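Each chain, written out:
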Amino acid sequence: MKSTHYRITPLDPHAHLFEVACTVPDPDPAGQAFRLPAWTPGSYLIREFARHFVDVRAECAGAPVAVRKTSKDVWQVAPCIGSVSLIAEVYAFDLSVRAAYLDQTRGYFNGPSVFVWPVGHEERPCDVEIIAPMSDACHNWRVATSLPRSGAEPYGFGRYAAANYDELIDHPVELGSFMLAHFEAGGARHDIAVSGRHRGDLERLARDFARLAQSQIDLFGGAPASRVPFDYYLFQVLAAEDRRGGLEHRASTSLVCKRDELPQPGAHGVSDEYRELLGLASHEYFHIWNVKRIKPAAFVPYDLTRENYTAQLWAFEGITSYYDDLTLVRCGLIGATDYLELVGRSITTLLRTPGRAKQSVAESSFDAWIKYYRRDENAPNAVVSYYVKGSLIALALDLTLRLWSALTLDDVMRALWRRYGEAGAGVPEDGIEAIAAELSGLDLSAFFADYVRGTCELPLAELLRSFAVELNLRPREKDKDKGGRPARNTPPSVWLGMTFASGSDARLRHVFNGGPAARAGLAAGDVIVAVDGLRASPESLKQLRRARAPGEHVSVQAFRRDELMSFGLTLEAAPQDTCWLALADRADAAAIARRDAWLEAGSAAADATGQPR
Ligand SMILES: [Zn+2]
């Protein structure tokens, strides 16, 4: 079979331009069309990558030929005899894991943002030439990608290959002078390539990533001797100033973390920051199975030209979010108390989202394209996170299965892997409910109707009690208080029902439906300038929350745009919206045994490297 040839060149690091060429040896005689994806799998928003294509031209057998656009992301080349190339400069200055970046320090590209497909030739093999940059500043650059090599030396520029377009765009490429660490797991070599300025301990990182990887390999494969569905896996890690993110791929993941999340040389235990990075890596690794191979039927195949609707993102992201932290405690990287702190934080986040009463996770999944990924000032009132609530549904489902059947959620995941993942079939919209009910013998219809398709509150306190864990609630101490731990200071006695944007003025970020600010008529974006006739600041409003009592009235002056307005607020008792979980060690022995089995305490967790903090 003929193949499509791609060539990508870091053309001008100072102008942040790659040059990308796609050549078809035998173009459509009626004129070859080339198309660019409108979104990238794993991130459910129409991103219109074509807006960064500049100076697009075409060549036929080496000579210029006419090309015109027929829609925002389609280029139509005039009919001609001989091979046809579409050549574009692509502006690349997006530090996220979704698009492309190029300057004198590093380069990165995620396939959907740079590689067009020749319409009608999507299934053909692709060969890719990655050209070294000319600039002296880039003389020591190497290449880190899981794209199979086809002539290139390890970590070298040169030729790579993919079986088809779908595979081509699922192996992002990092260029630069990154540092490398390695480990083996599941019979495959794993590399970690870390870019950006940092002083992280990469040996420690490799040891710890190996533990979490092995734990998940064992979950899906059934230890011992379980193998991974690839020969090579790559963690691309960018250490940056203050951003975070990750995107899953079939044999790699791109992560952006804050510099201080990398383990520091000589440090013992797992800091709060490092725990974030471990959780992120664990999350993306779990996606190797859950979403990259066990996929909603709506993603088989992906339609890269438009939204792909499924009500199942709660399962593909939520179950993954449940297992990301659970893996850390099971493989002994963190202790049970640390794990419960993370669950407490998730419950806190959900409790502070009034939108959970308005939107189910099934609806949130379906509308991810226009709501979850496009959150605005009203999002807390209208949108529930399918990550956060999805992870808590997974927790509730796991505990329900453990309590009332001989199964666990691990068994359900293994069954999904065998029935859909290994078979290459998509999971139908009711597939997860059906497989959980079938295997457990339980009637789970009310569970899925109430918690997945409905907006009922999850019965977490009761379920956790059966696993010797106490769920406690308290008012939040300050807006930055994420929950998970008992109160340290005296919590404020009142709340205002609003949050503030960062900055020195008291600008409202969110106003919660039904809260004191909303009832008084304040709106997101208003800037409060005075309370009871005195100048207000974010700090003075915090003081007010401690100094006043529920039922008291305050007068507020605020600017809405350039208009000064007056409001009368009646203060309310601060809600119990902050959760922390505790081990109930005086619970009965059966509950403690269930908890130990759930967290696998007593086996892997016994040799925890996480020191008590
Ligand atoms: Zn995810």
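Note that the structure is predicted; figures quoted are calculated from it, not measured.

Cut-offs and rules
- Residues numbered from 1 in each chain as written.
- Predicted model: local features only at pLDDT ≥ 70, side-chain atom pairs only at ≥ 80, totals over all residues.
- Heavy atoms only, no water.
- Helix = DSSP H or I, 4+ residues; strand = E, 2+ residues; numbered from the N terminus.
- Rg over C-alpha atoms; globule rule 2.2 N^0.38 Å.
- Buried < 20%, exposed > 50% of the residue type's maximum accessible area, 1.4 Å probe, protein only.
- Contact = heavy atoms within 4.5 Å.
- Areas by Shrake-Rupley, 256 points an atom, 1.4 Å probe, with all protein chains shown as cover.
- Lys, Arg positive; Asp, Glu negative; His and termini not counted.
- Charge placed at Lys NZ, Arg CZ, Asp CG, Glu CD.
- Disulfide = S-S within 2.5 Å.
- Donors = N, O, S within 2.8 Å, 3.2 Å for Na, K, Ca; no water.
- pLDDT = per-residue confidence, 0-100.
- Pairing = 2+ DSSP bridges.
- Axes fitted to C-alpha atoms, helices over the stretch in contact; angles between N-to-C directions.
- Core = buried A, V, L, I, M, F, W, Y, C linked by side-chain atoms within 4.5 Å.
- Patch = residues over 30% accessible without salt bridge, like charges linked within 9 Å, V, L, I, M, F, W, Y side chains within 5 Å.
- Salt bridge = Lys/Arg side-chain N within 4 Å of Asp/Glu carboxyl O.
- Expected span 1.5 Å × (residues − 1).
- Phe/Tyr/Trp six-rings, centres within 6.5 Å; stacked < 30°, edge-to-face > 60°.
- Lys NZ or Arg CZ within 6 Å of the ring centre and 35° of its normal.

Let's shift gears to the overall build of the chain. Tallying secondary structure elements over the chain gives 15 helices and 30 strands in all. Computed over the C-alpha atoms, the radius of gyration of the chain is 26 Å, within 12% of the 25 Å expected from 2.2 N^0.38 for a compact globule of 613 residues. For the chain, the spread of C-alpha atoms along the three principal axes comes to 80 × 65 × 50 Å. For the chain, buried positions account for 56% of its 613 residues. A separation threshold of at least 6 residues defines the contact pool for the chain, and within that pool the share at least 24 residues apart is 69%. Carbon and sulfur atoms make up 51% of the accessible area of the chain, which amounts to about 25200 Å² in all. Side chains of the chain give 68 positive and 78 negative charges; the mean places of these two sets differ by 3 Å.

Below, the discussion takes up the state of the cysteines. What the rule picks out here adds up to one disulfide. With its sulfur 2.4 Å from that of its partner, C60 forms a disulfide with C80. For the disulfide bridge between C60 and C80, the dihedral angle about the S-S bond is near 100°, and by the sign convention the bridge is right-handed. Taken together, the residues C60 in strand β4 (residues 53–60) and C80 in the loop between β7 (74–77) and β8 (84–91) connect sequence positions 20 residues apart. Assessed through its relative accessible area of 8%, C60 is described here as buried.

Turning to the coordination of the zinc ion, a few remarks are in order. For the zinc ion, the protein coordination sphere consists of H283 (NE2), H287 (NE2) and E317 (OE), at 2.0 to 2.1 Å. For the zinc ion, all donor residues lie on one chain, and their spacing in sequence is H-x3-H-x29-E. Taken as a pair, H287 in the loop between α3 (272–286) and α4 (313–330) and E317 in helix α4 lie far apart in primary sequence, 30 residues in all.

This brings us to the confidence of the model for the chain. Detailed reading of predicted coordinates is not advised where the pLDDT is low. In the predicted model, the chain carries a mean pLDDT of 95, and the fraction of residues at 70 or more is 97%. The model gives residues 602–613 a pLDDT under 50, and that stretch makes 25 contacts with residues more than four places away or in other chains.

Right, let's talk about the sheet that holds strand β5 (residues 63–65) for a bit. With mixed pairing, the seven strands of this open sheet are ordered in space as β5-β4-β8-β2-β1-β12-β14. The open sheet terminates on both sides in strands that have one partner only, identified here as β5 and β14 (158–162). Neighbour-to-neighbour, the strand axes of this sheet turn through a mean angle of 25°, independent of strand direction. As judged from the eight bridges shared by strand β2 (residues 17–24) and β8, these two strands associate in the antiparallel manner.

F115, Y285 and W598 are the most contacted members of the largest nonpolar core, which has 151 residues in total. In this structure, Y285 is in contact with H190, L212, A213, Q216, I217, V228, F230, Y233 and F235, ignoring residues within four places of it in sequence. M498, V511, A520 and L569 belong to the second largest nonpolar core, which has 20 residues in total.

What follows is about the sheet that holds strand β17 (residues 188–195). Strand order in the open sheet made by the five strands is β16-β17-β18-β20-β19, with mixed pairing throughout. With partners counted over all chains shown, the strands left at the sheet margins are β16 (179–185) and β19 (245–248), one partner each. The average angle at which neighbouring strand axes cross in this sheet is 15°, direction not considered. Here helix α2 (residues 202–221) sits on the sheet and contacts β16, β17 and β18 (232–240); the angle it forms with β16, its principal contact strand, is near 30°.

Further remarks concern the environment of L278. Along the polypeptide, L278 turns up in helix α3. In this structure L278 comes out as buried when scored by relative accessible area, which is 0%. As for L278 and L333, which are separated by 55 residues in sequence, their C-alpha atoms are 8.8 Å apart. When near neighbours in sequence (up to four residues on either side) are disregarded, L278 contacts D208, F209, L212, V270, L328 and L333.

Moving on to the environment of D505. By the secondary structure assignment, D505 is in the loop between β23 (498–500) and β24 (506–511). The exposure class of D505 is partly exposed, given its relative accessible area of 33%. Beyond its immediate sequence surroundings of up to four residues, D505 is in contact with V527 and P538.

With six of seven residues buried, strand β20 (residues 252–258) is to be regarded as a mostly interior element. As defined by bridge partners, β18 adjoins β20 across seven bridges and the pair is classed as parallel. Across the sheet, residue A240 finds its bridge partner in β20, namely K258. The pairing of β19 with β20 spans four bridges and is antiparallel. What sits directly across from G246, in β20, is L255. Joining the antiparallel neighbours β19 and β20 is a turn of three residues.

This next bit is on the environment of W75. Structurally, W75 is set in strand β7. Spatially, the C-alpha atom of W75 lies 43 Å from that of G186, the residues being 111 residues apart in sequence. Those residues within four positions of W75 in sequence are excluded, and the remaining contacts are Q32, A33, F34, L36, A50, F53, V56, V67, R68, K69, L86 and V116.

Taken together, the side chains of K478, K480, R488 and R546 define a basic patch exposed on the protein surface. Within the secondary structure layout, R546 lies in helix α14 (residues 538–547). Overall, R546 belongs to the partly exposed group, its relative accessible area being 43%.

With 16 residues, helix α5 (residues 336–351) extends 22 Å between its outermost C-alpha atoms, agreeing within 8% with the 22 Å of an ideal straight helix rising 1.5 Å per residue. Of the residues making up α5, those classed as buried are D338, Y339, L340, E341, L342, V343, G344, R345, I347, T348 and L350.

In this description, a pair of aromatic rings is defined by centroid distance and the angle of the planes. Counted under the stated rule, the structure contains 37 aromatic pairs. Geometrically, the ring pair formed by W314 and F448 is edge-to-face, given 6.1 Å between the ring centres and 65° between the ring planes. Here F448 lies in helix α11 (residues 445–452) and W314 lies in helix α4, a separation of 134 residues in the sequence. Judged by relative accessible area, which is 3%, F448 ranks as buried. Taken together through their ring pairs, the aromatic side chains of F183, F209, F220, F230, Y233, F235, Y285, F286, W289, Y322, Y323 and W417 make up a single cluster. The lysine or arginine in question, R142, covers the ring of Y155, its NZ or CZ lying 5.7 Å from the ring centre.

Now for the side chain of N110. Assignment of secondary structure puts N110 in the loop between β10 (106–109) and β11 (117–118). On the basis of relative accessibility, which here comes to 0%, the residue N110 falls in the buried class. Aside from chain neighbours lying at most four places away, what touches N110 is T40, V97, R98, A99, I169, P172, L247 and H249.

Time to look at the pattern of salt bridges. A complete count under the given rule lists 38 salt bridges for this structure. With its nearest N and O atoms 3.2 Å apart, the salt bridge here joins D303 to R306. In this structure R306 comes out as partly exposed when scored by relative accessible area, which is 42%. The partner of R595 in a salt bridge is D585, with the nearest N and O atoms 3.0 Å apart. Within this pair, whereas R595 is found in helix α15 (residues 589–599), its partner D585 is found in the loop between β30 (578–583) and α15, the two being separated by ten residues in sequence. The exposure class of R595 is buried, given its relative accessible area of 7%. On the basis of relative accessible area, D585 is assigned to the exposed category, the value being 52%. Each of the salt bridges in this network shares a partner with another, and the network as a whole consists of R244, E261, D272, R275, E276, D338, E341, R345 and R485.

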